[in-house]
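Take a look at the letters that make up each chain.
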Amino acid sequence: MVKLIKNATVYTPKYIGKKDILILNGKIAIIEEGINIDNFPLDIQMYDFSGKIVVPGFIDGHVHITGGGGEGDFSTRTPEINLRQLIKGGITTVVGCLGTDGITRSLENLYAKAKALNKEGVNAFIYTGSYAVPPVTFTGSIAKDIVLIDRVIGVGEIAISDHRSTQPTLEEIKKIVSNARLGGLISGKAGIVNFHVGSGKFGIDYLFDIVKDTEIPIINLYPTHMNRNKKLLEQGIEFAKMGGFFDLTTSFSTNEDKIRTVNYLMECYKSKVIDRVTLTSDGQGSLPKFDKDGNFIGLQIGEVTSLYEIVKTSVKKGYLPLEEALKTITVNPSRVLKLKFKGRLEKGYDADLVVLNENLEIDSVVSRGDFLMYKEKIVKKGTFED
Ligand SMILES: CC(C)C[C@H](NC(=O)C[C@H](N)C(=O)O)C(=O)O
Ligand SMILES: [Zn+2]
Ligand SMILES: [Zn+2]
């Protein structure tokens, strides 16, 4: 089916002004002003998006798509994601992962959920592994998982500097990263390690050591939760200045958390590292609280809708221009995750896009050329969604 989107204000995420977009077989065929279709041989569905903004579909590189949590016993295991939540958040590409609980949660279940989401209309990839070292794997080998399992793009979330980690040694981490890199090279995938960074005093020291002491390129090291505190943010900015990418988590349990994340995003922009910063939601993951003795005192569930919420809030507060903030959930993740044809609105790229109204609220969502949401109404349902 051919679709023509007319008169939209387009951010690729770079602002390029008012354009038409022709979509053919799920790909962007043409982006230019005033596309003329008078002699076009096929029947075309026209959509006039005058007054609307069109941006690339959002990429959320860290979501517990089969649920996470469990830090407070079996009754605190969080529920899996459903398609509706991703669509509401404008998310057309997601990377699923396991977290603390790599025992009752399985990679096979994670794989099946990613395949289901792909079938239902979005684009889903996964990490092999979980918090623990040695990591759980499909095949017994990280490199083999990345090479042989089609949706696996790397390893994560491997926990460091956290009381819930397995206290991995630097040597163990080096082995994980080198095997991930090997798998990525052989398969043409990212082969990155997504590190869960806790509030422990050593932060991402291991990552700086690996860059300093080994031949492993910084690009294979991808730390998340770097907005947990000021020290981690500063380490992240230093890491970015060395050529690394780092990630801020957008799910928040209090309004203070939300404001801190928006302020830290502005600081990344002011420190001129915004091109190496991504946002991920940690959706369906738990946001657990522990007391000073390490006792569990409660948890909340991460929301994928927080991903764009943080972008929208930072733009509305005037902290960053829209085209800069959008980079963190479009082109930047597509670069670090090495997702071909994702993250930009360009000829030849997948037709994954989000339509925003003048208040920057999500109006429509398109994935691979098909509408998932149209004029604020969800038009694509998951298998069991009513
Ligand atoms: C960044 C903070 C706020 C949340 C973060 N969540 C996870 O890492 C995922 C969670 N443990 C799970 O397995 O579902 C945390 O726990 O530190
Ligand atoms: Zn984590
Ligand atoms: Zn997580």
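Residues numbered from 1 in each chain as written. Chains lettered and ligands numbered in written order. Predicted model: local features only at pLDDT ≥ 70, side-chain atom pairs only at ≥ 80, totals over all residues. Heavy atoms only, no water.

Trainee: How would you sum up the coordination of the zinc ion (ligand 2)? Please name residues and give values.
Mentor: Of the protein atoms, only Glu157 (OE), His196 (ND1) and His225 (NE2) coordinate the zinc ion (ligand 2), at distances of 1.9 to 2.1 Å. Each donor residue of the zinc ion (ligand 2) belongs to the same chain, with the gaps between them written as E-x38-H-x28-H. The metal-metal distance between the zinc ion (ligand 2) and the zinc ion (ligand 3) is 3.5 Å, with Glu157 coordinating both. Taken together, the residues span a long stretch of sequence, with His196 in strand E10 (residues 192-197) and His225 in the loop between strand E11 (221-224) and helix H6 (230-241) at a distance of 29 residues. Under the relative-accessibility criterion, His225 is labelled buried at 6%. (Donors = N, O, S within 2.8 Å, 3.2 Å for Na, K, Ca; no water. Helix = DSSP H or I, 4+ residues; strand = E, 2+ residues; numbered from the N terminus. Buried < 20%, exposed > 50% of the residue type's maximum accessible area, 1.4 Å probe, protein only.)

Trainee: Account for the coordination of the zinc ion (ligand 3), naming residues and giving values.
Mentor: Octahedral metals with six donors have ideal donor angles of 90 or 180 degrees. Tetrahedral metals with four donors have an ideal donor angle of 109.5 degrees. Binding of the zinc ion (ligand 3) to the protein goes through His62 (NE2), His64 (NE2), Glu157 (OE) and Asp282 (OD), at separations of 2.1 to 2.2 Å. Here the zinc ion (ligand 3) binds four donor atoms, and the angle range of 87 to 170 degrees at the metal identifies the geometry as irregular. For the zinc ion (ligand 3), the donor residues sit on a single chain with the sequence spacing H-x1-H-x92-E-x124-D. (Tetrahedral: all angles 85-135°; square planar, octahedral: opposite > 155°, others 65-115°.)

Trainee: Describe the side chain of Thr330, with residues and values.
Mentor: Positionally, Thr330 belongs in the loop between helix H9 (322-327) and helix H10 (331-336). Thr330 gets classed as buried once you look at its relative accessible area, which sits at 0%. One polar contact links the side chain of Thr330 to the main-chain carbonyl oxygen of Leu326, over a distance of 2.8 Å. Residues contacting Thr330, with those up to four places away along its chain left out, are Pro13, Pro56, Gly57, Phe58, Ile59 and Gly343. (Polar contact = N/O pair within 3.5 Å; in protein donor to acceptor, adjacent residues only side chain to side chain. Contact = heavy atoms within 4.5 Å.)

Trainee: Explain the site of ligand 1 residue by residue, including any values.
Mentor: Taken together, 17 residues sit near ligand 1, with Gly69, Glu71, Tyr131, Arg164 and Asp282 positioned nearest. In this structure, an oxygen atom belonging to ligand 1 sits 2.7 Å away from a side-chain N or O atom of Arg164. A total of 430 Å² of accessible area belongs to ligand 1 in isolation, and the protein chains cover 90% of it. Using a 2 Å cut-off from the grid points, one finds that ligand 1 occupies the largest pocket. When residues of the shell around ligand 1 are assigned to their parent elements, the largest contribution, three residues, is made by strand E14 (residues 286-290). (Near = heavy atom within 4 Å. Areas by Shrake-Rupley, 256 points an atom, 1.4 Å probe, with all protein chains shown as cover. 1 Å grid on protein atoms, 1.4 Å probe; cavity = no way out; pocket = protein on both sides within 12 Å on 5 of 7 lines; lining within 4 Å. Sits in = over half its atoms within 2 Å of the grid points.)

Trainee: Requested: an account of the layout of surface pockets, with residues and values cited.
Mentor: Taken as a whole, the largest pocket holds about 660 Å³ of empty space. What lines the largest pocket is a set of 33 residues, among which Arg164, Arg228, Leu287, Pro288 and Lys289 lie closest to the centre. Of all the secondary structure elements, the ones that give two or more residues to the lining of the largest pocket are helix H7 (255-270) and E14. When residues in the lining of the largest pocket are grouped by element, the largest group, five residues, is from E14. When its volume is computed, the second largest pocket comes out at roughly 240 Å³. Along the lines of polarity and charge, the residues of the lining of the second largest pocket split into four nonpolar, six polar and two charged. (Points joined across faces, edges and corners; volume = space filled by probe spheres on them. Nonpolar A, V, L, I, M, F, W, Y, C, P; charged D, E, K, R; others polar.)

Trainee: Go over unusual backbone geometry, please, and point to the residues and values.
Mentor: Keep in mind that most residues, glycine aside, have a negative phi and that most peptide bonds are trans. Between Thr12 and the following residue, Pro13, the backbone shows a cis peptide bond with an omega angle of 25 degrees. For Pro13, the location among the structural elements is in the loop between strand E1 (2-11) and strand E2 (15-24). Cis peptide bonds are those with omega within 30 degrees of zero, and the linkage from Val133 to Pro134 qualifies with -5 degrees. Tracing the backbone shows Pro134 in the loop between strand E8 (123-128) and helix H3 (142-148). Of note, the phi angle at Lys375 is positive, near 50 degrees, even though the residue is not glycine. The topology assignment puts Lys375 in the loop between strand E18 (370-374) and strand E19 (377-378).

Trainee: Quick rundown of the packing of aromatic side chains? Include the residues and the values.
Mentor: Scanning all chains against the criterion turns up 10 aromatic pairs. Measuring from centroid to centroid gives 6.1 Å for Phe341 and Tyr349, while their planes differ by 90 degrees, and the two rings are edge-to-face. In this structure Phe341 comes out as partly exposed when scored by relative accessible area, which is 41%. Summarising the aromatic geometry, the rings of Phe371 and Tyr374 are spaced 5.0 Å apart at their centres and angled 75 degrees between planes, so their arrangement reads as edge-to-face. Assessed through its relative accessible area of 28%, Tyr374 is described here as partly exposed. By the ring-pair criterion, three or more aromatic residues cluster together here, those being Tyr47, Phe49, Phe371 and Tyr374. Across from the ring centre of Phe341, 4.0 Å away, lies the NZ or CZ of Lys27, which sits over that ring. For the cation-ring pair, Arg151 lies above Phe125, with the distance from its terminal atom to the ring centre recorded as 4.5 Å. (Phe/Tyr/Trp six-rings, centres within 6.5 Å; stacked < 30°, edge-to-face > 60°. Lys NZ or Arg CZ within 6 Å of the ring centre and 35° of its normal.)

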